[in-house]
Amino acid sequence: MGPKEKKSGSKKKKISKAERLKQLQEEEEKRRKEEEEARLKYEKEELEKLEKQRIESEKWHQLEEKDLQRRTEELGELNLLEGCFLEAEKLKRDTRSLSQWKHYLQCDGSPDPSIAQEMNTFISLWKEETNQTFEEVIEKSKLVLRLIEKLKLILMETPPFDLEDQNIIQYQGSILQLQELLHLKFNKATEILLRQASTLADLDSGNMEKVIQDENVTLYVWANLKKNPRYKSVKFAGTQIGFEIPRILATSDIALRLLHTHYDHVTPLHFVRTEQENSLLMTEAATDEAKTRESKTRESKTRESKTRESKTIEVKTIEVKTIEEPVNREDQEEYKAQASDSNLNYEDETKVEEQGVTEAQRTSEAIKGELEIRLLSESVSAAQLFLIENSTEKPDIYEDNEVDLCQFTTLGGVYHLDILELPPQCKPVKGWMIVQILQEGLQKFTYPPETVEDFEAESTFPPIEVTLKVHEKVIFFEDPMVVRWDAEGKHWRTDGISNVFYDAEDRLISFSLETFGPVTLIQDTHINMPFHSWELRPLEINNVLLTVTTIFTEIQIQIKENLCMLASIKLKGKEHISILEGKWMSPISFIIALKEAGLNIFPAGYSHFYVVMNNKTTSVEMKAYRQMALLSSAFAFGWSKWNIVCHYTKVIFKVREQPTEELTENPNWVLLMFSGDRAQRLKMNEESESFSEALQEGTEFHSTLYHMMKDIASREAMEKINSSNCQFIDSVCYMLLSTRLLSYS
């Protein structure tokens, strides 16, 4: 057997120490080289980054310097453009001053609500009128309600700096007198109607039932003439409205009255000025006083200068008269020449002095005019700022079950529910109608009695079930709450009401009421706040469409010239017909009408206590609304999700120019950030993943929104802006200030 062959490669070749060392050195060299390359790359990137930051910083500083250099010019131009607010205020003042003359020219026999003597005479004469039927009182109530509405509009439309305290007291007093007298007249008319109950009795039931309907008032009255204990269900013919009464009422000489006033004269008025308004008025008064002192100083200086001039004239005249007459003819001729020269010099000096006085007067008048303009401008700005100021203290609620009227709003008018004692009935005697008239007038039937045991009250005097019809003009986004009026505490309460059921389809609400009295329906004031989105879009020059989208509805408001109109309303994505559609009104009247219809999208000073809001600095917000109004004839503005992310001292919104003859297609939205004294276009858009204040490349800073948009606006857009009507701009601004879209979206 031969020797075994050696397997090739079966054993690894041993690496020597030198080779191992060399390999380690190569690996170390490679690692060092990679680290060096990484270090150099990092340093290069850092240098590039620093260089980029330096360039951006230099560019930023250059843009800031450029903005500062032209800031005075831009703010001056904006100040001229915002003069439209002063012009609008002057026009409103002229309208208010001419209102009495226009009322005089109408010659309709109605009193002027702003004149106390006429109102006092009207109220006194109406008090003296007796034995008016319900229909006659309803007819008269139309005039009374118009007078109340006019007085409320005067108080709300007149800015605080134009309202005197005595006028406020006068107007509020007239409103309260008219409201009380109107309700008293309805009670008297009800008494007259109930005296004739026996002659108006229904043939089937033997009881009297009467329904009188009007645009402002609806009366339902039922008189219990038969006293049938089995007749416990009272339903008015042709309606679902009625009562379920207990046995004790079914056998009593009573009448049930439901007086539905489509207005609310029960809730106390809230026209009294707040401390903020009073401080504003004090500031205005102090400014006026300073103005008066300054004018008096100027007048005294003018009088002194005139006195000095007259003394100078007298001295010169005396000097001329005391010159001795020369003896010879040559001396006479020389004297005449000298006198002639002195007279000419005197006349020249007098003319120069008179010109100086005239120029001083003109200068004084110019200064006075500038001061008045500046004061009016400050007053208008203060009034606009007051619209968006937040109250510092939350309204106090002192009792349990008391309704917070800052959180809830009464809607659909007031239902006056009364159990009345049936007055003596008319009796025919020998062709005459004889009736006993009670001196105390119409009396209420106390139910339940004031002194009764608890166990007896539950069984003998149970709550009365009431079914009411909800006013068709009012929108409830949730089931309405029923509240009752506490006459002693002068507030609405939620207790004493049970078993509430609302039929939304038939708009009927039923509930059980322990004691009768005024009741009303309430809804959360801020149910449509905060807003989901908004858009302000121009339709044509001096005509825009404001769309506000909430969780329940989409409201479109058209603003044209100095009027507003409800263009459309959608509920749950479907069109809803409202009686307000197509009716043009002034901004304040329009806001009142929307609130009364349940479409409240107008935050108040206390709303931030009840709504989660994106509170912005009030001065920044006001400046944004003013400048948006200036641009509204040519540019569309919209809600941006980034507005809630940015700092509270800044606002962000979308903007784009509307299509024109030059610009036929809708351009893309751009984002603008505004801080009150600087506007900039942002690099990011609405679809960006993260927030950034980076400036859009190729754009600059500007001190105003007007100059920011001027950089990208077409010629036609600028012509529209410059030719916009001052009343239109003022109306758009007022609506933006009233909705506070930048803080409540």
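Note that this is a predicted model, so its numbers are computed, not measured.

Visitor: Mind showing me how you'd approach a nonpolar patch on the surface here?
Guide: A contiguous nonpolar surface patch, about 470 Å² in accessible area, is contributed by Leu98, Trp101, Tyr104 and Leu105. Tracing the backbone through its elements, the reader meets Leu98 in helix H2 (residues 83-106). Using a relative accessible area of 41% as the deciding quantity, one classes Leu98 as partly exposed.

Visitor: Which parts of the structure should I look at to understand the pairing of strand E17 (residues 553-560)?
Guide: Residues in a regular strand point their side chains to alternate faces of the sheet. Counted residue by residue, E17 has six buried out of eight residues, so it is predominantly covered. Taking the residues between adjacent antiparallel strands as the criterion, strand E16 (residues 543-549) and E17 are bridged by three residues. Of the strand pairs in this sheet, E17 and strand E18 (residues 563-571) are connected by eight bridges, and their pairing is antiparallel. Counterpart to Lys560 in the pairing with E18 is Leu563. Taken together, E17 and the strand that follows it, E18, pair antiparallel across an intervening segment of two residues, in which Glu561 is found at a positive phi of about 55 degrees.

Visitor: What is the right way to read the side chain of Glu621 from this model?
Guide: Mapped onto the elements of the fold, Glu621 is located in helix H11 (residues 618-631). A polar atom in the side chain of Glu621 sits 3.1 Å from the side chain of Ser743.

Visitor: Just checking my understanding: could you explain the sheet that holds strand E3 (residues 233-235) for this structure?
Guide: Each strand in a sheet pairs with another by means of backbone hydrogen bonds, the pair being arranged parallel or else antiparallel. An order of E3-E4-E9-E13-E12 is seen for the five strands of this open sheet, with the pairing classed as antiparallel. Bordering the open sheet on either side are E3 and strand E12 (497-503), each of which pairs with just one other strand. Neighbouring strand axes in the sheet, compared pairwise and without regard to direction, differ in orientation by 15 degrees on average. Across five bridges, the pairing between E12 and strand E13 (residues 508-513) is antiparallel. Note on E13: the bridge partner recorded for Asp503 is Leu508.

Scoring rules and cut-offs
Residues numbered from 1 in each chain as written. Predicted model: local features only at pLDDT ≥ 70, side-chain atom pairs only at ≥ 80, totals over all residues. Heavy atoms only, no water. Patch = residues over 30% accessible without salt bridge, like charges linked within 9 Å, V, L, I, M, F, W, Y side chains within 5 Å. Areas by Shrake-Rupley, 256 points an atom, 1.4 Å probe, with all protein chains shown as cover. Salt bridge = Lys/Arg side-chain N within 4 Å of Asp/Glu carboxyl O. Helix = DSSP H or I, 4+ residues; strand = E, 2+ residues; numbered from the N terminus. Buried < 20%, exposed > 50% of the residue type's maximum accessible area, 1.4 Å probe, protein only. Pairing = 2+ DSSP bridges. Polar contact = N/O pair within 3.5 Å; in protein donor to acceptor, adjacent residues only side chain to side chain. Axes fitted to C-alpha atoms, helices over the stretch in contact; angles between N-to-C directions.

Purely spatial values, then, with no claim about function.
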